[in-house]
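Residues per chain, in single letters:
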Amino acid sequence: MIDLDIASDVAHVTLNAPSKLNSLDEQALHDLGRAYDEAEQAGVRALVLRGEGRAFCAGRDISGVDPRDDDVIGYLGGLVTPLLKRMAAFPAPTFAVAHGACLGVGLGLLIATDVVYVAESAKIGSPFAALGATLDSGGHALFLDRLGAHKTLDLIYTGRLMTGAEAVASGLFSRVLPDDEVEQAAEDAAAAASRGATAAFLASKQLVARIRDERLALWESVEIENAAQAALCDTEDYREGFAAFQQKRKPEFHGR
């Protein structure tokens, strides 16, 4: 079950199937994509993704899957990958609260989120050695980029799960916090972002994605930064930010 609540320009998306550690079947994936669609249509200026109960998301719900006729390409390629791309392209800053199990597709949801605050209790990695399966949903790319080949394959071969502190120290995610503080920290960050210059935030989000995906060199990235800055000159927020600085007051941004 996927819950969506919108208040004060912030969308709150909750994976709400705690009895199965918020694992995702095909219907849940459709519902999650629909929640993001509705949040975008509502014009929210930030989004928070969280999981109810003692885990963020334990991955795919395989309780009713028969491996002899499992349509893995249909599930991953037809459902998961389009959803992750849709989440990554959401036109506003996105934040996730990672606690407990964050595995498989659950790890993918975090990879597709802009900023991830991790609880000390989080368990992150590749448990699939015990299933005869491989890491999916972008996990190989994330681990290889941040950990290198040796640490990536060590985690995969052993099935060892990283703690929240290890994951953040390794550069996988944004910051680690005590379990009883992590959700409020993400809420506060999303609320602050929703009151900020969200048009500029979106420009930076797009720049980061392009530099990462196209592997742009320094001066190539500078050129696209220049173009993005020039485009922002025509926004209300840019003019408001300059006026507020010159008048020595706090700016009032509206995301335009």
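Above this text you will find the structure in question.
The structure presented is a predicted model; accordingly, all values stated were derived computationally and were not measured.

### Digging into the sheet that holds strand β4 (residues 94-98)
Adjacent strands of a sheet pair through backbone hydrogen bonds, lying either parallel or antiparallel.
Stage number 1. Overall, mixed pairing links the 6 strands, which are arranged β1-β2-β3-β4-β6-β9 in an open sheet. Where the open sheet ends on each side, the last strands, each with one partner, are β1 (2-7) and β9 (175-177). Put simply, the sheet's adjacent strands are angled 20° from each other on average, direction ignored.
Stage number 2. As paired elements, β1 and strand β2 (residues 10-15) share 6 bridges and run antiparallel to each other. In the strand pairing of β2, Ile6 is matched with Ala11.

### Structural notes on the pairing of β2
Stage number 1. With 6 of 6 residues buried, β2 is to be regarded as a mostly interior element.
Stage number 2. Side chains of β2 alternate between two faces, with Val10, His12 and Thr14 and Ala11, Val13 and Leu15 buried alike.
Stage number 3. The hairpin turn running from β1 into β2, its antiparallel successor, is 2 residues long, and Ser8 in that turn takes a positive phi close to 55°.
Stage number 4. The pairing of β2 with strand β3 (residues 46-51) spans 6 bridges and is classified as parallel. Its bridge partner lying in β3, His12 is registered against Val48.

### Things to note about unusual backbone geometry
Stage number 1. One non-glycine residue with positive phi stands out, namely Asn22, at about 60°.
Stage number 2. Backbone geometry places Ser137, a non-glycine residue, at a positive phi of 60°.
Stage number 3. With respect to the secondary-structure elements, Ser137 resides in the loop between β7 (123-125) and α4 (139-158).
Stage number 4. Residue Ser137 is classed as buried on the basis of its relative accessible area of 13%.

### Here we look at the pattern of salt bridges
Stage number 1. Counted according to the given criterion, the structure contains 12 salt bridges.
Stage number 2. Residue Arg160 pairs with Glu166 through a salt bridge whose shortest N-O separation is 3.2 Å.
Stage number 3. You can call Arg160 partly exposed: its relative accessible area is 39%.
Stage number 4. A salt bridge links Arg210 to Glu214, with the shortest nitrogen-to-oxygen separation between them at 3.2 Å.

### Comments concerning the state of the cysteines
Stage number 1. Taken as a whole, this structure holds 0 disulfides when the rule is applied.
Stage number 2. With no disulfide of its own, Cys102 lies closest to Cys57 among cysteine sulfurs, the gap being 8.3 Å.
Stage number 3. Judged by relative accessible area, Cys102 falls into the buried class, the value being 0%.

### Comments concerning a negative patch on the surface
Stage number 1. On the surface, Glu120, Asp179, Asp180 and Glu181 cluster together to form a negatively charged patch.
Stage number 2. Inspection of the secondary structure assignment puts Glu181 in helix α6 (residues 179-194).
Stage number 3. Residue Glu181 is classed as partly exposed on the basis of its relative accessible area of 43%.

### Here we look at the packing of helix α7 (residues 198-214) against helix α8 (residues 218-232)
Geometrically, a packed helix pair is captured by the angle between its two axes and the distance between the axes.
Stage number 1. The geometry of α7 relative to α8 is characterised by a closest axis approach of 11 Å and an angle of 160° between their N-to-C directions. When the axes of α7 and α8 are compared, the pair comes out roughly antiparallel. Along this stretch, α7 crosses α8, giving a crossing that reads as right-handed. Across from Ala199, Ala200, Ala203, Leu207, Arg210 and Ile211 in α7, the residues of α8 making contact are Ser221, Ile224, Glu225, Ala228 and Leu232.

### Things to note about the packing of aromatic side chains
Stage number 1. Under the counting rule described, the total for this entry stands at 2 aromatic pairs.
Stage number 2. On the numbers, 5.6 Å between centres and 85° between planes, the contact of Tyr36 with Phe90 is edge-to-face. You can see Tyr36 sitting in helix α1 (residues 26-41) and its partner Phe90 sitting in the loop between α2 (72-88) and β4, a full 54 residues away along the chain. Like Tyr36, the residue Phe90 is buried in the burial classification.

Rules used in this analysis
Residues numbered from 1 in each chain as written. Predicted model: local features only at pLDDT ≥ 70, side-chain atom pairs only at ≥ 80, totals over all residues. Heavy atoms only, no water. Pairing = 2+ DSSP bridges. Helix = DSSP H or I, 4+ residues; strand = E, 2+ residues; numbered from the N terminus. Axes fitted to C-alpha atoms, helices over the stretch in contact; angles between N-to-C directions. Buried < 20%, exposed > 50% of the residue type's maximum accessible area, 1.4 Å probe, protein only. Salt bridge = Lys/Arg side-chain N within 4 Å of Asp/Glu carboxyl O. Disulfide = S-S within 2.5 Å. Patch = residues over 30% accessible without salt bridge, like charges linked within 9 Å, V, L, I, M, F, W, Y side chains within 5 Å. Areas by Shrake-Rupley, 256 points an atom, 1.4 Å probe, with all protein chains shown as cover. Lys, Arg positive; Asp, Glu negative; His and termini not counted. Charge placed at Lys NZ, Arg CZ, Asp CG, Glu CD. Parallel < 35°, antiparallel > 145°, perpendicular 65-115°, else oblique. Left-handed = near helix turned anticlockwise from the far one by under 90°. Contact = heavy atoms within 4.5 Å. Phe/Tyr/Trp six-rings, centres within 6.5 Å; stacked < 30°, edge-to-face > 60°.

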